[in-house]
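Architecture at a glance
Chain by chain, the residues:
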Amino acid sequence: TYVTGLRSFEKGPTDLGSLFLKMALDLVLEATGKDLLTGSMSNQGTRFERPRWDDIFGGLARDHAGCSIGVFFCGPARLGAVLNEKCREFNERPEAAARQTRFTFHTEVF
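Summarised in this report is the structure supplied together with it.

Procedures and definitions
Note that residues are indexed from 1 along each chain, following the sequence as it is written. Two thresholds apply to this predicted model, a pLDDT of at least 70 for residue-level local features and 80 or more for giving and counting side-chain atom pairs, whereas whole-chain, interface and lining totals are computed over all residues. Side-chain numbers come from the whole structure's heavy atoms, not from hydrogens or water. Any pair of Phe, Tyr and Trp rings, taking the six-membered ring for Trp, is counted once the centres come within 6.5 Å. Such a pair is stacked with planes under 30 degrees apart, edge-to-face with planes over 60 apart, and tilted for the rest. Runs of H or I in DSSP of at least four residues are treated as helices and runs of E of at least two as strands, each being numbered from the N terminus. The buried label goes to any residue with under 20% of its type's maximum accessible area, the exposed label to any with over 50%, and the partly exposed label to all in between, with areas taken from a 1.4 Å probe on protein chains only. Look at NZ for Lys and CZ for Arg. If either is within 6 Å of the ring centre and within 35 degrees of the ring normal, a charge sits over the ring. Following DSSP output, two strands are said to pair if at least two bridges run between them. What counts as a salt bridge is simple: a side-chain nitrogen of Lys or Arg found within 4 Å of a carboxyl oxygen of Asp or Glu. The term nonpolar core refers to a set of buried residues drawn from Ala, Val, Leu, Ile, Met, Phe, Trp, Tyr and Cys, joined through side-chain atoms within 4.5 Å.

Here we come to the packing of aromatic side chains. All chains considered together, the criterion is met by five aromatic pairs. A centroid spacing of 5.5 Å and a plane angle of 25° characterise the contact between Phe57 and Phe90, whose relative ring orientation is stacked. On the criterion of sequence distance, the pair formed by Phe57 in helix H2 (residues 53-63) and Phe90 in helix H3 (residues 77-92) is long-range, its members being 33 residues apart. For the pair shown, Phe57 and Phe90 are each scored as buried. Taken together, Trp53, Phe57, Phe90 and Phe103 form an aromatic cluster joined through their ring pairs. When the ring centre of Phe90 is taken as reference, the NZ or CZ atom of Arg93 above it lies at 3.9 Å.

This is the structure we're talking about:
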């Protein structure tokens, strides 16, 4: 889960309140294995930054070579366009063809 509104976290907390919030969230996650903000069981917790799509897609392609990976999205159209483009971009890369990994974008509407 990414919270992108707090840009100060992208390079680390820059004010005392943000620093204490980040420390508290990290301590709860470490102690319980549960993200305090979302309630999900996660080893990463909530991230206060913008997603690094190239790292995320690259890691998925590497870790799931030979698989078809569905990317399901429900949200703002602009973000959906970015994810759809990343799926196309990673499908066209030579290493994707070698690994036989395919990304398929799906839009969900609730």
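That shown, we press on.
Here strand E1 (residues 68-73) shows one buried face, formed by Ile69, Val71 and Phe73, and one open face, formed by Ser68, Gly70 and Phe72. Across six bridges, the pairing between E1 and strand E2 (residues 102-107) is parallel. When the bridges of E2 are listed, Ser68 appears paired with Arg102.

Summed over the entire model, instances satisfying the criterion amount to four salt bridges. Across the pair Glu85 and Arg88 runs a salt bridge whose closest N-O atoms are separated by 3.1 Å. Here Arg88 and Glu85 lie together in helix H3, a separation of three residues that amounts to about one turn.

By size, the foremost hydrophobic cluster in this structure holds ten residues: Phe57, Ala61, Ile69, Val71, Phe73, Leu83, Cys87, Phe90, Phe103 and Phe105. For this core, the secondary-structure elements that each account for two or more residues are H2, E1, H3 and E2.

This part is about the environment of Thr104. Within the secondary structure layout, Thr104 lies in strand E2. Assessed through its relative accessible area of 32%, Thr104 is described here as partly exposed. For the pair Thr104 and Ser68, spaced 36 residues apart in sequence, the C-alpha separation works out to 7.3 Å.

Just geometry here; none of it tells us what the structure is for.
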